[in-house]
Amino acid sequence: MSLSIGIVGLPNVGKSTLFNALLKSPLAKVANFAFTTVEPNVGVVEVPDERVEKLAEAEQSVKITPATVKFVDIAGLIAGAHKGEGLGNKFLAHIREVDAVAMVVRTFEHKDVAHVSGRIDPRSDIETIMTELILSDMETLQKRLAAAEKDAKSAGKITQKQLIIYKKIAVVFDKNCPATDAKLKDEEKELIQEANFLTLKPFLYVFNVSEEQATEVPEDLIEQYELKDIKPEQVVVISAKIESEISDLCEGDRCEYLKELGLDEPSLNKLIRCAYKTLGLITFFVANQNEARAESVREGAVAPEAAGEIHSDFEDRFIKAEVAKAGDFIKYGGWKGAREAGKARFEGKDYVVREGDVMFFHHG
């Protein structure tokens, strides 16, 4: 699926360093001054998942294709961005184009890397970014409310429903809270999708920590910085400096270095998986002698939608899907063993795809 995560934050918090480490390439320019990034950098990153390699072994697949997530490195926002400060209007427009937001929050001290506000204060940084996004959304809401109120009497039930939803959002904006606090149902979000509110997007928070803090857990940082509105599952703790240093190391040296630091894997792996989850995606697989492939669909998708991720014609001509759990598929050595063990079954058009399904699509 073509879904993207926007990397945002104040200037000089390590967004571009993080982005380059993700891509293992110096695509984004890094410097100690604000607005080093103007046009967004875009990169596609593989989702770490050892299952796809094991599926390939089971079927002796010639090719392995992992699932991917697109990351977009967006320039730093500052106070007043909603009014155009620091080219804010342009940068806010870039955020509107992504499906979810990864906010990079700086906790590390560095005498050679100036903080835009002159001090390290994660709570204040988050509030600055969220306030700018809310203020921008408030301007969008005012326009939408005016249009909906004008059309509600003559345009029918849809516009009347939209008006009710906009008023729900207005209530939380009056409290300087993001649109997510309106607790909208999926069908309500669908009705106002065209408004594209920034604070209605899924959020995750990337704490860019010092090397000494690299083993900290989200709960401790949330408590330390009194971030009561953020849930631990929304937080990834990363030292962008460490990730940048290990990105060029061979596998053996990387593992040894991480072990010395007390880390069991690159923190970027956790970020990629968290981003994948934040987008509301699950992984399914196809596996045969030609290819073992990981694909993504939105949670709750039915079998024909999954088939459409493989090829658009498969969705239109879908007949049925043969399904096995990845664990069973690996345990019994592929399709042949899974079938003989009774671990493969056929499902129809209404089947809701589950995380880790291995699927073979039958189509016309």
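Structure: see above.
Below you will find a few notes about this structure. These numbers were taken from a predicted model, which means no experiment stands behind them.

### With respect to the overall build of the chain
No. 1: Across its full length, the chain holds 14 helices and 12 strands.
No. 2: When burial is assessed residue by residue, the chain has 49% of its 364 residues classed as buried.
No. 3: By sequence separation, contacts in the chain at least 24 residues apart represent 67% of the contacts at least 6 residues apart.
No. 4: For the chain, the exposed area adds up to about 18300 Å²; of that, 48% sits on carbon and sulfur atoms.

### Details of the pattern of salt bridges
No. 1: Scanning the model with the defined rule gives 17 salt bridges in all.
No. 2: Ionic pairing is found between Glu 194 and Arg 144, a salt bridge with its closest N-O pair at 3.4 Å. Of the two residues, Glu 194 is situated in the loop between helix H6 (186–191) and strand E6 (203–208) and Arg 144 in helix H4 (residues 122–155); the sequence distance between them amounts to 50 residues.
No. 3: For Glu 194, a relative accessible area of 53% puts it in the exposed group.
No. 4: Salt-bridge contacts for Glu 322 lead to Arg 339; the nearest nitrogen and oxygen are separated by 2.9 Å. Linking Glu 322 in strand E10 (residues 318–325) with Arg 339 in helix H14 (residues 335–340), this pair joins segments that are 17 residues apart in sequence.
No. 5: For Arg 339, a relative accessible area of 42% corresponds to the partly exposed category.

### Focus on the nonpolar core
No. 1: By size, the foremost hydrophobic cluster in this structure holds 68 residues, and its most contacted members are Ile 5, Phe 71, Met 103, Tyr 205, Phe 207 and Leu 271.
No. 2: Not counting the four nearest positions on each side in its chain, Tyr 205 is found in contact with Met 103, Val 105, Ile 126, Met 130, Ile 230, Gln 234, Val 235 and Val 236.
No. 3: Leu 145, Tyr 166, Phe 173 and Ala 182 belong to the second-largest nonpolar core, a separate cluster that totals 18 residues.

### Considerations on the pairing of strand E7 (residues 235–238)
No. 1: The two faces of E7 match: Val 235 and Val 237 on one face and Val 236 and Ile 238 on the other face are all buried.
No. 2: Crossover connection from E6 via helix H7 (residues 218–224) to parallel E7: handedness right-handed.

### Quick look at the environment of Ser 210
No. 1: Position of Ser 210 among the secondary structure elements: in the loop between E6 and H7.
No. 2: Classification of Ser 210 by relative accessible area gives buried; the value is 17%.
No. 3: Put simply, Ser 210 and Thr 107 are 103 residues apart on the chain and 7.1 Å apart in space, counted from C-alpha to C-alpha.
No. 4: Among all residues touching Ser 210, those that are not within four sequence positions of it are Thr 107, Phe 108 and Ser 239.

### A short note on the packing of aromatic side chains
The relative placement of two aromatic rings is captured by the distance of their centres and the angle of their planes.
No. 1: A full pass over the atoms with the stated rule returns seven aromatic pairs.
No. 2: Aromatic side chains Tyr 166 and Phe 197 sit 6.2 Å apart centroid to centroid with 80° between the ring planes, which places their arrangement in the edge-to-face category. Separated by 31 residues along the polypeptide, Tyr 166 in helix H5 (residues 157–173) and Phe 197 in the loop between H6 and E6 bring together distant segments of the chain. Residues Tyr 166 and Phe 197 agree in their burial class; the two are buried.
No. 3: With a centroid separation of 6.2 Å and an interplanar angle of 75°, the aromatic rings of Phe 173 and Phe 197 are classed as edge-to-face. Placement of the pair is Phe 173 in helix H5 and Phe 197 in the loop between H6 and E6, with a sequence separation of 24 residues. No difference in accessibility class separates Phe 173 from Phe 197, as the two residues are buried.
No. 4: Taken together, the aromatic side chains of Tyr 166, Phe 173 and Phe 197 make up a single cluster linked through ring pairs.
No. 5: One Lys or Arg, Lys 320, reaches over the ring of Phe 346 and ends 4.3 Å from the middle of that ring.

### Some points on the sheet that holds strand E1 (residues 4–8)
Each strand in a sheet pairs with its neighbour through backbone hydrogen bonds, running either in the same direction (parallel) or in the opposite one (antiparallel).
No. 1: The six strands are arranged E2-E4-E1-E5-E6-E7 in an open sheet whose pairing can be described as mixed. With partners counted over all chains shown, the strands left at the sheet margins are strand E2 (41–46) and E7, one partner each. Taken over all neighbouring pairs, the strand axes of this sheet differ in orientation by 25° on average, direction set aside.
No. 2: Relative to E6, strand E5 (residues 100–106) is paired through six bridges, and the arrangement is parallel. Opposite Val 101, over in E6, you have Phe 203 as the bridge partner.
No. 3: Strands E1, E2, strand E4 (68–73), E5, E6 and E7 of the sheet are contacted by helix H1 (residues 15–23), whose axis makes an angle of about 40° with E2.

Quick notes on the rules
- Residues numbered from 1 in each chain as written.
- Predicted model: local features only at pLDDT ≥ 70, side-chain atom pairs only at ≥ 80, totals over all residues.
- Heavy atoms only, no water.
- Helix = DSSP H or I, 4+ residues; strand = E, 2+ residues; numbered from the N terminus.
- Buried < 20%, exposed > 50% of the residue type's maximum accessible area, 1.4 Å probe, protein only.
- Contact = heavy atoms within 4.5 Å.
- Areas by Shrake-Rupley, 256 points an atom, 1.4 Å probe, with all protein chains shown as cover.
- Salt bridge = Lys/Arg side-chain N within 4 Å of Asp/Glu carboxyl O.
- Core = buried A, V, L, I, M, F, W, Y, C linked by side-chain atoms within 4.5 Å.
- Right-handed = clockwise from strand over helix to strand, strands pointing away.
- Phe/Tyr/Trp six-rings, centres within 6.5 Å; stacked < 30°, edge-to-face > 60°.
- Lys NZ or Arg CZ within 6 Å of the ring centre and 35° of its normal.
- Pairing = 2+ DSSP bridges.
- Axes fitted to C-alpha atoms, helices over the stretch in contact; angles between N-to-C directions.

So, to be careful, I would describe these as geometric facts and stop short of saying anything about function.
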